[in-house]
Amino acid sequence: MYVSKTIKAGHEDLIHDVAYNFYGNRMATCSSDQHVKIWDMDESGNWTCSAKFKTHIGAVWKVNWASPEFGQVIATCSFDRTAGVWEEIPGSSDGPSQSHWNKKTLLVDSRTSVTDVKFGPKHLGLILATCSSDGTVRIYEALDVMNLSQWSLQHEIHCKMACSCISWNPSLSRLHPPMLAVGSDESNTSNSSQGKVSVYEYSENNRRWHRVETFNNVTDPVHDIAFAPNIGRSYHVLAIGSKDLRIFTLKPLQDVKEETGRFEIKQAAIYDEHKVAVWRVCWNVTGTILATSGDDGQVKLWKCNYMDRWKCVATLKSDSQANEATRDELGKIGFKKLAMQAGHTWH
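An account of the accompanying structure is given in this report.

Looking at the nonpolar core
Ranked by size, the top nonpolar core spans 17 residues in total, and within it Val73, Leu107, Phe119, Leu126, Leu128, Leu148 and Trp151 carry the most contacts. Mapped by element, the contributors of at least two residues to this core are β6 (73-78), β7 (83-89), β9 (114-119), β11 (136-144) and β12 (147-158). Leaving out residues up to four positions away in the same chain, valine 73 has contacts with Asn64, Trp65, Ala66, Val85, Trp86, Glu87, Trp101, Phe119 and Leu148.

Focus: empty space enclosed by the protein
One pass over the structure, following the stated rule, counts 3 cavities of 30 Å³ or more. In this structure, the largest cavity spans a volume of roughly 60 Å³. Along the walls of the largest cavity sit Asn21, Phe22, Tyr23, Trp65, Ala66, Ser67, Pro68, Gly71, Gln72 and Val73, which together make up its complete lining. Here the residues of the lining of the largest cavity sort into 6 nonpolar, 4 polar and no charged.

Considering the pattern of salt bridges
Two side chains of opposite charge can pair, provided their charged atoms sit close to one another. Per the stated rule, a full pass over the model turns up 12 salt bridges. Two residues, arginine 280 and aspartate 17, come together in a salt bridge whose shortest N-O distance is 3.5 Å. With arginine 280 in strand β21 (residues 278-283) and aspartate 17 in strand β1 (residues 15-20), this residue pair connects regions lying 263 residues apart in the sequence. Assessed through its relative accessible area of 9%, aspartate 17 is described here as buried. With a closest N to O distance of 3.8 Å, glutamate 87 and lysine 104 form a salt bridge. Placement of glutamate 87 in strand β7 and of lysine 104 in strand β8 (residues 100-107) is noted, with a sequence separation of 17 residues between them. Assessed through its relative accessible area of 24%, lysine 104 is described here as partly exposed.

The rules we used
- Residues numbered from 1 in each chain as written.
- Predicted model: local features only at pLDDT ≥ 70, side-chain atom pairs only at ≥ 80, totals over all residues.
- Heavy atoms only, no water.
- Core = buried A, V, L, I, M, F, W, Y, C linked by side-chain atoms within 4.5 Å.
- Buried < 20%, exposed > 50% of the residue type's maximum accessible area, 1.4 Å probe, protein only.
- Helix = DSSP H or I, 4+ residues; strand = E, 2+ residues; numbered from the N terminus.
- Contact = heavy atoms within 4.5 Å.
- 1 Å grid on protein atoms, 1.4 Å probe; cavity = no way out; pocket = protein on both sides within 12 Å on 5 of 7 lines; lining within 4 Å.
- Points joined across faces, edges and corners; volume = space filled by probe spheres on them.
- Nonpolar A, V, L, I, M, F, W, Y, C, P; charged D, E, K, R; others polar.
- Salt bridge = Lys/Arg side-chain N within 4 Å of Asp/Glu carboxyl O.

Set out below in structure tokens:
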């Protein structure tokens, strides 16, 4: 059973992203009003805003939580061409039930809008990846996890396409080197046949990132991308939100050849259940359930069965959509009953 709750966010403009912390009891929202809000869930399941602060001088596109072992830390990115790192200061407040967040650093290397920001898996340390509409992915590392004001630019990846979203592969296996997937929402007709998703791996020998795969069959603008947590799988699973939902599997090859690539890639599923563009894809902590949201205002949950076939197992609608559907259904039933019970002639 799924229960939906409506939260009056109080943002003064469009909300672009919602992010939960590792435990799911804190939530961050960001908006075109240049602010971020932090929400805490109480024992009754109700959400209350514990902090509101201005983060940028442009629309805030994305917000992301770091692993809790590094403290209460979030990262944001914006149209103002910057990415910021913020840390909650315990024991201080700006008012009743309000927490205080300090800006630790502002990353200003990009010359265009920073479209996504993601902390890396915790076993890699406190690292942060950003991507920009100029086609550059930048990877930063905190030199001292106790002093988050010092971040070093470690790598730059030039993707040759406008970047819209990134995803780290969260695999903990030592057999899997650090991996990033990059998506593009570029809609140039000149590059209409170019694959909009690329996968990059880090080589310890060369100490650099290199592209290992490109999904040439994904040619529509990509809005979101997410690797599934890898618990016991011998392959990786990647979800892509575009004009439809696509799920790919990437199985590492034993004998690597340049002409075949590093992985055996298979398209496990493609669905157009939303009937509109898919804007967000998100996995549960075990990588067994995928949540998607689209322009239809619905959230759909997907699960893979024992035959490796993906199926929509639930559809979550907003309260207003559910009420409209109920009224429509009651209206149809009521009209049928009146027509059957009345023995009068309709004029």
